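# Coordinate inspection notes
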Amino acid sequence: MVPVVELRDLDHLYLTDREAILALKGLNLAVDAGEFISLVGPSGCGKTTLLSLIAGLLSPSRGQVLLHGKPITGPTPEIGYMLQQDYLFPWRTILSNAQLGLELTGRLNEESSLMVQDLLDGMGLGNTTNQYPHQLSGGMRQRVALVRTLATDPDLLLLDEPFSALDYQTKLQLEDLVVDTLRQRGKTGILVTHDLSEAIAVSDRVIVLAAKPGRIRSTYMIPDNIRQMQPFYAREEEGFNELFQEIWRDLETLEERGLKNVSHANSEG
Ligand SMILES: Nc1ncnc2c1ncn2[C@@H]1O[C@H](COP(=O)(O)OP(=O)(O)OP(=O)(O)O)[C@@H](O)[C@H]1O
């Protein structure tokens, strides 16, 4: 089976007036269809750079980023990107915001508009379609952003800390919703998070990155009993705390070198 995303000997170098920064070095990784992985690691280990390379917003300095076996040459509707900020337009209604991706890719029609309304219904936003973003809570707005991302039916979702600005309860609810939605639709997901508990609860695999240069330090497969549960309940599963401690110790080695930036709260981010 061809992986959805594959990184081959990937390096990324930023050149500034004063220096060259090797943000990523020698990354090799394959993510299969339907898999959900999380990237954790210290500030500056290249998480955002990596997502930008996969999204086609940056070109690698060396090596390749492949989508379904073909090099990524620029942004494509096959990849959806969800960020910490929802970036809803204040002057557009919720429905019109949720339809934006379809509009920009020339695919907005009666049928796709009904599909967006169904998605909004499914996320408990059915009665907000004519409202404006300022009338919604942070969690509701992030759900609209999720609908907007899913509406174009991307194969792969890149999630750059989409839950980190939310209060704890909303964050847990949204984690469940996102994971359920992605699993039901067979989507592939790559999440960047500073919350180790979240990474373990939502993923099939957790990848720990080290910095200077950014590289893969270790990979942890999440046991079946944890990954088959909804994220909220996964945290109660046998083995969760032990795995948390194991990865935490791994990150602590980075901290001793002044490199860690991941939340220890085995619940709160
Ligand atoms: N546009 C840029 N120009 C020069 N250097 C950059 C640029 N963007 C990132 N870097 C550098 O590349 C390295 C990786 O940065 P990146 O933002 O990808 O890390 P990160 O893991 O996402 O960090 P954080 O967790 O703090 O968001 C850092 O050393 C950073 O200073």
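Residues numbered from 1 in each chain as written. Predicted model: local features only at pLDDT ≥ 70, side-chain atom pairs only at ≥ 80, totals over all residues.

As annotated in an unreviewed UniProt entry, the protein carries the name ABC transporter ATP-binding protein and is attributed to Paenibacillus aceti.

### Looking at the UniProt feature "domain: ABC transporter" (unreviewed entry) in the protein
Taking the UniProt record as the reference, the feature "domain: ABC transporter" (unreviewed entry) is found at residues 5-236. Annotated as residues 5-236, this span is 34% helix and 28% strand, and its ends, taken at the C-alpha atoms, are 31 Å apart. (UniProt positions renumbered as here; feature names shortened; annotations may be inferred. Helix = DSSP H or I, 4+ residues; strand = E, 2+ residues; numbered from the N terminus.)

### Focus: the environment of D86
Looking at the secondary structure, you find D86 in the loop between β6 (79-83) and α2 (94-98). Along the sequence, D86 and R148 sit 62 residues apart, while their C-alpha atoms lie 9.9 Å from each other. For D86, the contacting residues outside a window of four places in its chain are R141, Q142, V144 and A145. (Contact = placed C-beta atoms within 7 Å.)

### Section: the site of the ligand
Every one of the 13 residues lining the ligand counts as a neighbour, but Y14, A23, S43, T48 and T49 are closest to it. Contributions of two or more residues to the shell around the ligand are made by β2 (20-31) and α1 (47-55). Sort the elements by how many residues they give to the shell around the ligand and α1 lands first, with three residues. Class assignment of the residues belonging to the shell around the ligand gives a composition of four nonpolar, eight polar and one charged. (Near = placed C-beta within 6 Å. Nonpolar A, V, L, I, M, F, W, Y, C, P; charged D, E, K, R; others polar.)

### What about the sheet that holds strand β10 (residues 215-221)?
One open sheet accounts for six strands, arranged β6-β7-β8-β3-β9-β10; its pairing is mixed. Looking at which strands have only one partner, the edges of the open sheet turn out to be β6 and β10. The mean inter-strand angle of the sheet, taken between neighbouring strand axes irrespective of direction, is 20°. With four bridges joining them, strand β3 (residues 36-40) and strand β8 (residues 188-192) adopt parallel strand pairing. Residue pairing across strands places I37 opposite I190, the latter belonging to β8. (Pairing = 2+ DSSP bridges. Axes fitted to C-alpha atoms, helices over the stretch in contact; angles between N-to-C directions.)

### Brief notes about the pairing of strand β7 (residues 156-160)
Most of β7 sits inside the fold, with five of its five residues counted as buried. Here β7 shows no split at all, with L156, L158 and D160 on one side and L157 and L159 on the other all buried. In the sheet, β6 pairs with β7 via five bridges, with the strands oriented parallel. Each residue of the ladder has a partner; that of I79, found in β7, is L156. By the bridge criterion, five bridges tie β7 to β8 in an arrangement that is parallel. Directly across from L156, in β8, lies its bridge partner T188. (Buried ≥ 20, exposed ≤ 12 C-beta atoms within 10 Å, placed from the backbone.)

### What to know about the pairing of β8
Most of β8 is tucked away: five of the five residues are buried. Both faces of β8 are covered, namely the face carrying T188, I190 and V192 and the face carrying G189 and L191. Taken together, β7, helix α6 (residues 168-184) and β8 form a β-α-β motif whose crossover is right-handed. (Right-handed = clockwise from strand over helix to strand, strands pointing away.)

### Brief notes about unusual backbone geometry
At the junction of K212 and P213, the peptide bond is cis and its omega measures out at -5° in the coordinates. Within the secondary structure, P213 is located in the loop between β9 (205-210) and β10. The backbone of H68 sits at a positive phi, close to 50°, despite the residue not being glycine. Within the secondary structure, H68 sits in the loop between β4 (62-67) and β5 (70-71). Even without a glycine there, the phi angle at D153 is positive, about 55°. Among the secondary structure elements, D153 is positioned in the loop between α5 (138-151) and β7. On the basis of neighbour counts, which here come to 16 C-beta atoms within 10 Å, the residue D153 falls in the partly exposed class.

### Notes on the environment of A151
By the secondary structure assignment, A151 is in helix α5. Sequence spacing of A151 and T188 is 37 residues, and the spatial spacing of their C-alpha atoms is 15 Å.

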